[in-house]
Amino acid sequence: MDQKTVILDKIPFEIDIPRLFERLRIEEDDDMAEDVVALVKEASGLGRPKGIYSTAYIDEKDDCGITAGGIRFVSRVMRVNLDKVHRFFPFVVTAGVELDQWARSYGSGLERYWADCIQEAILRCASEYVRSHIVANNSLDAGG
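Since this is a predicted model, take the numbers as computed values, not measurements.

The next subject is the overall build of the protein chain. Scanning the protein chain for helices and strands turns up five helices and seven strands. When the helices and strands of the protein chain are read in sequence order from the N terminus, they spell out β-α-α-β-β-β-β-α-β-β-α-α. Compactness check: the protein chain gives a C-alpha radius of gyration of 19 Å against a globular reference of 15 Å for 144 residues, more than 25% above the reference. Taking the principal axes of its C-alpha atoms as reference, the protein chain extends roughly 55 × 30 × 30 Å. Restricting to contacts in the protein chain with at least 6 residues of sequence separation, those with at least 24 account for 67%. Approximately 9200 Å² of the protein chain is accessible, and the part contributed by carbon and sulfur atoms is 51%. Of note, the protein chain has its 18 positive side-chain charges centred 8 Å away from the centre of its 25 negative side-chain charges.

Next up, the structure:
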């Protein structure tokens, strides 16, 4: 059983400003739009998203879950989703401690909310990057 762990520590990202404005319910011509764009620029300079994934091989399946790499996962949904495969790729992503510290520096209020949403957008980019990396490097069909 070959256990492969991959660390991705230089994940590129680009924040989709129109999508962020939609999430924040801000119009492009709104007075607050400029403030949000300034925060995005700050975050873009600080962001260091990272990810890690591993190849996990399924040892056992039953009605209640699976066992992979000696670890028991009790989840009928997981069992059903992994019904036709023998391996899967658990992964974790982070927007980075740098962005967490940056967002916390805003305390509370509207700017903190914006910072959290920016952090979430970067995390979404990192997650998509890791998924794409898994597909491209493990002979997987991008559609599934």
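Before going further, it helps to examine the packing of helix α1 (residues 17-24) against helix α5 (residues 110-137). Running from amino to carboxyl end, α1 crosses α5 at an angle of 135°, the nearest separation of the two axes being 11 Å. In terms of orientation, α1 and α5 fall into the oblique class. With respect to the hand of their crossing, α1 and α5 are arranged in right-handed fashion. On the side of α1, the interface is formed by R19, L20, R23 and L24, while α5 contributes Y113, W114, C117, I118, E120 and R124. Grouping the constituent residues of the contact of α1 with α5 by class yields six nonpolar, no polar and four charged.

Definitions and cut-offs
- Residues numbered from 1 in each chain as written.
- Predicted model: local features only at pLDDT ≥ 70, side-chain atom pairs only at ≥ 80, totals over all residues.
- Heavy atoms only, no water.
- Helix = DSSP H or I, 4+ residues; strand = E, 2+ residues; numbered from the N terminus.
- Rg over C-alpha atoms; globule rule 2.2 N^0.38 Å.
- Contact = heavy atoms within 4.5 Å.
- Areas by Shrake-Rupley, 256 points an atom, 1.4 Å probe, with all protein chains shown as cover.
- Lys, Arg positive; Asp, Glu negative; His and termini not counted.
- Charge placed at Lys NZ, Arg CZ, Asp CG, Glu CD.
- Axes fitted to C-alpha atoms, helices over the stretch in contact; angles between N-to-C directions.
- Parallel < 35°, antiparallel > 145°, perpendicular 65-115°, else oblique.
- Left-handed = near helix turned anticlockwise from the far one by under 90°.
- Nonpolar A, V, L, I, M, F, W, Y, C, P; charged D, E, K, R; others polar.

So, to be careful, I would describe these as geometric facts and stop short of saying anything about function.
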